[in-house]
Amino acid sequence: MKISGWIVDIEKKVTFPGEINFFDKKIKSIKRVESCPDQYILPGLVDSHIHIESTMVTPSSFGYEAVKHGTVGVISDPHEIANVIGIDGVAYMIRDSKRSPVHFWFGAPSCVPATLFETSGGKIDTGDIKNLLKSKDIFYLSEVMNFPGVVNDEKEVLEKIRLAKEFGKPIDGHAPGLSGIKLKKYINAGISTDHECSSLNEAREKISLGMKVLIREGSAARNLNALKDLFRLHPDMIMLCSDDLHPEMLVKGHINVLIARLVSEGYDFYDVLKSTTLNPFKHYGIEGGLLKEGSKADFIIVDSPSEMNVYETWIGGNRVFNRGERSFNYVPSALVNNFISEPISADDLKFDFKKGKIKIIEAIDGELTTNKLLLRLNEINDIENFKDQDILKIVVKNRYNGEIPAVGFIKGFGLKNGAFASSVSHDSHNILAVGTNDDDIVKVINEIVRMKGGMSVSFDNKLLSVPLAIGGIMSDKKVSEIALEYSELDKIVKQLGSGMSAPFMTLSFMALLVIPELKIGDRGLFDVHSFKPVSLFEE
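So, here's what we can say about the structure. No experiment lies behind these values; they were computed from the predicted model shown.

Each value, and the rule that gives it
- Residues numbered from 1 in each chain as written.
- Predicted model: local features only at pLDDT ≥ 70, side-chain atom pairs only at ≥ 80, totals over all residues.
- Heavy atoms only, no water.
- Pairing = 2+ DSSP bridges.
- Helix = DSSP H or I, 4+ residues; strand = E, 2+ residues; numbered from the N terminus.
- Axes fitted to C-alpha atoms, helices over the stretch in contact; angles between N-to-C directions.
- Contact = heavy atoms within 4.5 Å.
- Buried < 20%, exposed > 50% of the residue type's maximum accessible area, 1.4 Å probe, protein only.
- Salt bridge = Lys/Arg side-chain N within 4 Å of Asp/Glu carboxyl O.
- Arc of directions from axis to C-beta.
- Phe/Tyr/Trp six-rings, centres within 6.5 Å; stacked < 30°, edge-to-face > 60°.

**Focus on the sheet that holds strand β17 (residues 356-363)**
Inference 1: In space, the eight strands of this open sheet follow the order β18-β17-β20-β19-β22-β21-β23-β24, with mixed pairing throughout. Each of the sheet's edge strands pairs with one partner strand only, and the pair in question is β18 (370-377) and β24 (462-467). Shown here is a sheet whose adjacent strand axes are inclined to one another by a mean of 25°, direction ignored.
Inference 2: This element, helix α15 (residues 438-451), spans β19 (391-397), β21 (419-422), β22 (431-435), β23 (454-459) and β24 of the sheet and lies at about 150° to β23.

**Describing helix α1 (residues 59-66)**
Inference 1: Among the eight residues of α1, eight are classified as buried, and the element is accordingly described as predominantly covered.
Inference 2: Those residues of α1 not exposed but buried are Pro-59, Ser-60, Ser-61, Phe-62, Gly-63, Tyr-64, Glu-65 and Ala-66.

**Quick look at the side chain of Thr-506**
Inference 1: For Thr-506, the position within the fold is in helix α17 (residues 503-508).
Inference 2: Of the residues examined, Thr-506 reaches a relative accessible area of 1% and is grouped as buried.
Inference 3: Aside from chain neighbours lying at most four places away, what touches Thr-506 is Ala-220, Ile-364, Asp-365, Phe-413 and Met-500.

**Structural notes on the pattern of salt bridges**
Inference 1: Applying the stated rule across the entire model yields 34 salt bridges.
Inference 2: Of the charged contacts, one joins Lys-292 and Glu-11 as a salt bridge, the two residues approaching to 3.4 Å between their closest N and O atoms. In this pair, Lys-292 sits in the loop between α14 (278-284) and β13 (299-302) while Glu-11 sits in the loop between β1 (2-9) and β2 (14-23), placing the two residues 281 residues apart along the sequence.
Inference 3: Given the relative accessible area of 38%, Lys-292 is considered partly exposed.
Inference 4: Relative accessible area serves as the criterion here: at 41%, Glu-11 is assigned to the partly exposed category.
Inference 5: Of the charged contacts, one joins Arg-216 and Glu-196 as a salt bridge, the two residues approaching to 3.0 Å between their closest N and O atoms.

**Structural notes on unusual backbone geometry**
Keep in mind that most residues, glycine aside, have a negative phi and that most peptide bonds are trans.
Inference 1: Geometrically, the link from His-426 to Asp-427 is a cis peptide bond, its omega value of 5° lying close to zero.
Inference 2: By secondary structure assignment, the location of Asp-427 is in the loop between β21 and β22.
Inference 3: Note the cis peptide between Pro-516 and Glu-517, where omega equals 10°.
Inference 4: As for its placement among the helices and strands, Glu-517 is situated in the loop between α17 and β25 (518-521).
Inference 5: Notably, Met-308 is not glycine yet its phi reads approximately 60°, a positive angle.
Inference 6: Relative to the assigned elements, Met-308 resides in the loop between β13 and β14 (310-315).
Inference 7: At Asp-390, a residue that is not glycine, the phi angle is positive and equals roughly 65°.
Inference 8: Along the polypeptide, Asp-390 turns up in the loop between β18 and β19.

**Some remarks on helix α7 (residues 180-188)**
Inference 1: Looking only at α7, the buried set comprises Leu-183, Tyr-186 and Ile-187. When α7 is viewed along its axis, its buried side chains cluster within an angular range of 95° and face the same direction. Along α7, exposed side chains directed more than 90 degrees from the buried face belong to Ile-181, Lys-182 and Asn-188.
Inference 2: Within two residues after α7, Gly-190 carries a phi angle of roughly 120°, on the positive side.

**Here we look at the sheet that holds strand β7 (residues 103-108)**
Inference 1: Sheet architecture is open: five strands sit in the order β5-β6-β7-β8-β9, paired in parallel fashion. Only two strands of the sheet have a single partner each, and these edge strands are β5 (45-50) and β9 (171-173). Across the sheet, the mean angle separating the axes of adjacent strands is 25° when strand polarity is ignored.
Inference 2: As defined by bridge partners, strand β8 (residues 138-144) adjoins β9 across two bridges and the pair is classed as parallel. Note on β9: the bridge partner recorded for Val-144 is Gly-173.
Inference 3: Across the sheet, α1 lies against β5, β6 (71-76) and β7, angled at about 140° from β7, the strand it touches most.

**Quick notes on the packing of aromatic side chains**
Here a ring pair, both rings aromatic, is described through the centre-centre distance and the interplanar angle of the planes.
Inference 1: For the coordinates displayed, the defined rule picks out 17 aromatic pairs.
Inference 2: Each ring, one from Tyr-140 and one from Tyr-284, has its centre 5.3 Å from the other, and the planes form 65°; the classification is edge-to-face. Here Tyr-140, found in strand β8, pairs with Tyr-284, found in helix α14; they are 144 residues apart in sequence, far enough to count as distant. A single burial state applies to Tyr-140 and to Tyr-284, both of which are buried.
Inference 3: With a centroid separation of 5.6 Å and 15° between ring planes, the pair formed by Phe-299 and Trp-314 is classed as stacked. With a gap of 15 residues between them, Phe-299 in strand β13 and Trp-314 in strand β14 connect regions that are remote in the sequence.

Written out as structure tokens, the structure reads:
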């Protein structure tokens, strides 16, 4: 088979008119020609860190959508489904991924549960980690979110890291804001990447200590603007990733749109392309297409580096996408779940009032981090008077047992009416809701209980929902279908007053107890800096 066009050689940093000859999944030869079609041939694109579950679809459904954007592979952490179902969830993701031509390089989830201060549905211990790392389907140890455990020499955390070293597999990190001596200890333990940098100074400190920085541009956390100068400063030490990408964004584009954006802004095309091809291949020790003899025939054909509209995607010498058409079909997967929660009542949302200062979570649009605010109350009715200041009730309902919900308060969502909820709530995926009144909060939570997972919105005696039948976090539909359903709910939440660019995605991180500063789990408020539960009222 032969393909011709402007061939991009990222190692030699040249582009030339050429012809590729490939056979039996490999490139046999590349030669220069006098003239070629007005199209560019590039190595296939790789997302260096993504949780497929955050797209709300299965790996095979993700692959069906992603090939149209030139994505040929993803380095994926199945951490979310593992927190719901345990090691069986990892096995499910691996099985389903084999139904897609896209490469899925999975990691062994290192923190299941993410912390011991919340209830999850799964547990992966050191024995499980050892068995996973033995597998040819597992390529690295997934993000070590328990950075306090590393810094404080917790035995189980260090044993998982030791096992990864024993099997010669890279170790991904997760260390937002970690600096100085603690950061050095974290990196010296063997942890080699971080995707949580939000400033150039933070990234440069980590790079100076030998850590690779994964620049994240997802649905809730978007750090590309803050970190893009790393392409000029340290092009060999960075990779591009999405981390968490909601379906409506995946429909519009993937890594290809980030490349186009950077090239249009004047960043070196070869360095940008290297961050999503050669750099991840080297770091993770995976074989990928690099447009040279003997390399995998994984490549894409696009209109131009500054537009990155994908004409064709080839994986293993097979054309899987051709100008809007796929060469394969998506077939829905089997359903798996772990959901035993019971409905709640308004009485379950009451809390013990203490005169004084109440702790408020402040959510920040486009960030996973939050702030902690203090609000003085003289009587419980005072809280009702702060709704016009955007201080709303936030509730976490355990989905794995019958415990009553945890109640807190949050600022930043801007909701003026109704409530919305989701069972996509990192990392344990309990039910998380924000609302202006208890009746609507009860309705959205109970709707998710009824569906055994999903998203819901309640307002003016209307109740709308989208089921997520796989683990309560994924649909068995195509990305395009779930994107339409999700977008409708997202639009309604914004019409109800939320100014968040991605309210459901931002909501999902309010229960993430490993990202500073103040969060809420199914057992109540959690201070990430002190890494311990705290009371609702200031003592």
